Amino acid sequence: MPGLLPAFLQILTFRLSLNAKRAPGSYESELLEYPLKAIVAPSFFLVLFFSAQALAEVTLALGPCVQAHVVNSEEKTALPDSSLTLTNGTQQLVVDCTAMLGRSSDDAFPKTGEAFVLLFEAADTELTLSAPRIQTRRQMTAFNREKDFRLTNAAGTPVNYHVDVLEKEGFQVFRDYPGELEAFNRTSSPAAIRMQLPGLADADTDTEGPSPKAGGQSALGQGALGQETVRQMLHYWYLQADKQTRKEWKNWIQSSN
Amino acid sequence: MKKILLAVAVSSIAAGSASAATIYEKDGFTYKLNGDFQVQMRQAIGNDERAEVEYDDLELKNYVSYDLGNDLTAFGRLDFGFKKAAKDNERGSNLEEAYIGLKYNVVSFSFGKQNFASDKFGIEEAYELKTIGGDLFNDAGTDVNGDDTLRIDVELDNVYIVVSHEMDAGDDGEERIDGEYHDAFIAIDIADLTLAAAYQLNNPADSAESRDTYGVSASYDFGFMNLAADYSVIDVNNTDFETKQYNIAAVFGVASTTDVAVGMGNQDSDENGFEDITEWYANVTYKFPRARNVSVFAEVANSDLEKNGKEVDMGMLAGLRLKF
């Protein structure tokens, strides 16, 4: 209820402004009446609006080794054992897990597993995202392969999610996670959010947007926007493009692979 | 300093660092770089010891591998240490490990300059031990890595087996390995209990004398603490003397960022005139929440050793460690 106190103060301010209006012979109150109403009234509704919004949120607690890098397309670092506040709806995160691996503290060095994209739906709930206990390189390899995150609500009930590896070849330092996620979302991975192509709203009306249910498939690959349409459009627009645009397009394809 | 097995539970505390060891990865090729920088302000156990800056670890570890397909991987390691250069004003680095090998599924074979199998043995949790070694495998003179070493590692889910053989090659230099070494190490995890055993047979060059060293250890993770003990023995074949050492150590996770360790070790020998030595220590390690592979630590230690008829003074140290 973080918005209730400000809302109460705004109501009080509004009431005082109305009382000021009724004060007989008060010229100042007349002068103040309309500006106050103009400012206070909308802000009152704004406060109520945001108070309502404050309730409509998801709290996501990260487990001991889970670190977030991108939260709903925005670059945002959240450390292990911390929590994130998300707005209700579809959630897409880039996370990884770092553990000290080795049979002794002297031998142990930090090892970061694959970067994963997680996609799930959540509203008005408290969730926990954790990875299995990882103590050996074999366990890290198995985790990278199995991608067995545990996403649970406050009651401990598992919440369905899609997960996939955010692959990056070449230099692994200073990764551009938001840029990589943007390219990832153009793939047919179940964890990708379907790109809303401009001018294609009509063709897309018979689908219900991203549907991150366990075992589901990406809407981009399975929805109304079929691969045949995609193929035809790519062919069409490629023929329309000039030499420079084609070159840029090829470079983009190269960098996206 | 060597901290084995007991630290497994400690190391399970995950690091919250963005630092990934992998630098480059493409088409089955991987290059990883790790580092371990540890510098201490230390006043060692002894009589009238001066405080000084010590470099316990200043290491850069390079690892490359190629995925050859069908679960086969070729790998190589090149580790450089700089602590002698920093401490003794030597030029350049010290090559600590240099080996190459093949890994198939859970089995890897490597050869070159590397640790012996028994180097994995021991449970002590001290940052520094002064009057005794961490265990008797340290005292066997194998602290220096072998440079003609063949080694096989088998890493299963709950069992870890290592065997190594140091060839009787002609080495030069002050820190040369003398003779042949045959080593074996096994560790078994049974739920929260870890049992380990190690054995080493040393045949010094140009000598009929051989030396057997063996040890056993156990550690148990109680959740709030980890308790461990080890026992090792050196038996020199042409004498009747045995040297024995035991260690006990406990690590408490007093907070998610803070570990406290206490421990002691005792060394005794049948040799005439040898008086047993007991050294104890207590240390605290704080890992920064934002980057848990960065830690500060402090330790106090003492021993019942007497020098010139006088008891030694307590030692203490404090330092900073960065790992990546």
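Residues numbered from 1 in each chain as written. Chains lettered and ligands numbered in written order. Predicted model: local features only at pLDDT ≥ 70, side-chain atom pairs only at ≥ 80, totals over all residues. Heavy atoms only, no water.

> Where do I start with the overall build of chain B in this structure?
Helix and strand counts for chain B stand at three helices and 19 strands. Counting all 324 residues of chain B, 46% fall into the buried class. In chain B, once contacts between residues fewer than 6 apart in sequence are set aside, the share between residues at least 24 apart is 53%. Accessible surface computed for chain B: about 15400 Å², of which carbon and sulfur atoms make up 54%. (Helix = DSSP H or I, 4+ residues; strand = E, 2+ residues; numbered from the N terminus. Buried < 20%, exposed > 50% of the residue type's maximum accessible area, 1.4 Å probe, protein only. Contact = heavy atoms within 4.5 Å. Areas by Shrake-Rupley, 256 points an atom, 1.4 Å probe, with all protein chains shown as cover.)

> Would you explain the side chain of B:Asn202 in this entry?
Residues and elements named next belong to chain B. Looking at the secondary structure, you find Asn-202 in strand β10 (residues 193–203). A residue is classified by how much of its surface remains accessible, and Asn-202, at 4% relative accessible area, is buried. Side-chain polar atoms of Asn-202 contact the backbone oxygen of Glu-180, separated by 2.9 Å. (Polar contact = N/O pair within 3.5 Å; in protein donor to acceptor, adjacent residues only side chain to side chain.)

> What am I meant to see in the environment of B:Gln114 here?
Residues and elements named next belong to chain B. Mapped onto the secondary structure, Gln-114 falls in strand β6 (residues 107–114). Under the relative-accessibility criterion, Gln-114 is labelled buried at 2%. Through-space distance from the C-alpha of Gln-114 to that of Asn-47 is 36 Å; in sequence the pair is 67 residues apart. Within the structure, the side chain of Gln-114 is placed 2.9 Å from the side chain of Ser-110, a separation counted as a polar contact. In this structure the side chain of Gln-114 is engaged in a polar contact, spanning 3.1 Å, whose partner is the backbone oxygen of Thr-149.

> Got a minute to help me understand the confidence of the model for chain A in this structure?
One rule of thumb: low pLDDT means the predicted coordinates there are not for detailed reading. Residue and element names in this part refer to chain A. Here chain A averages 74 in pLDDT, while 63% of its residues score no lower than 70. Below a pLDDT of 50 lies the segment residues 1–29, which in the model reaches 23 contacts outside its immediate sequence neighbourhood of four places, other chains included. Per-residue pLDDT stays below 50 along residues 47–53; that stretch engages in eight contacts with residues further than four places along the chain or on separate chains. (pLDDT = per-residue confidence, 0-100.)

> For this particular structure, what's the right way to read helix α3 (residues 137–146) of chain A?
Count 3.6 residues to each turn of an α-helix, and residues three or four apart come out pointing the same way. Residues and elements named next belong to chain A. Along α3, the residues classified as buried are Met-140, Phe-143 and Asn-144. Projected down its long axis, α3 shows its buried positions confined to an angular sector of 100°, all on one face. Packing partners of the buried residues in α3 comprise β5 (89–101), β6 (109–112), β7 (116–122) and β10 (162–165). Trailing α3 by a residue or two, Lys-147 shows a phi angle of about 55°, which is positive. (Arc of directions from axis to C-beta.)

> I tried to follow the sheet that holds strand β8 (residues 125–130) of chain A on my own but got confused; where do I start?
The strands making up a sheet associate through hydrogen bonds between their backbones, and the pairing can be parallel or antiparallel. Residue and element names in this part refer to chain A. Across the sheet, four strands lie side by side as β4-β1-β8-β9; this open sheet has mixed pairing. Edge positions in the open sheet fall to β4 (83–87) and β9 (150–153), since each of these has one partner strand only. Averaged over all pairs of adjacent strands, the angle between their axes in this sheet comes to 25°, without regard to strand direction. Two elements, β8 and β9, share four bridges in a ladder whose sense is antiparallel. Across the sheet, the residue bridging to Ser-130 is Arg-150, located in β9. (Pairing = 2+ DSSP bridges. Axes fitted to C-alpha atoms, helices over the stretch in contact; angles between N-to-C directions.)

> I keep staring at helix α4 (residues 177–184) of chain A and nothing clicks. Help me out?
Residue and element names in this part refer to chain A. Buried residues of α4: Tyr-177, Glu-180, Leu-181, Ala-183 and Phe-184, and no others. The buried residues of α4 occupy an angular sector of 160° when projected down its axis, which confines them to one face. At the N-terminal boundary of α4, the capping side chain belongs to Asp-176, with an oxygen 3.2 Å from the backbone nitrogen of Gly-179.

> Help me out: how do you make sense of unusual backbone geometry in this one?
Generally, phi is negative for residues other than glycine and the peptide bonds are trans, each holding for most cases. Residue and element names in this part refer to chain A. Unlike most non-glycine residues, Lys-147 shows phi in positive territory, near 55°. Along the chain, the position of Lys-147 falls in the loop between α3 and β9. Residues other than glycine seldom take positive phi values, yet Phe-174 does so here, at roughly 55°. Checked against the element boundaries, Phe-174 lands in the loop between β11 (170–171) and α4.

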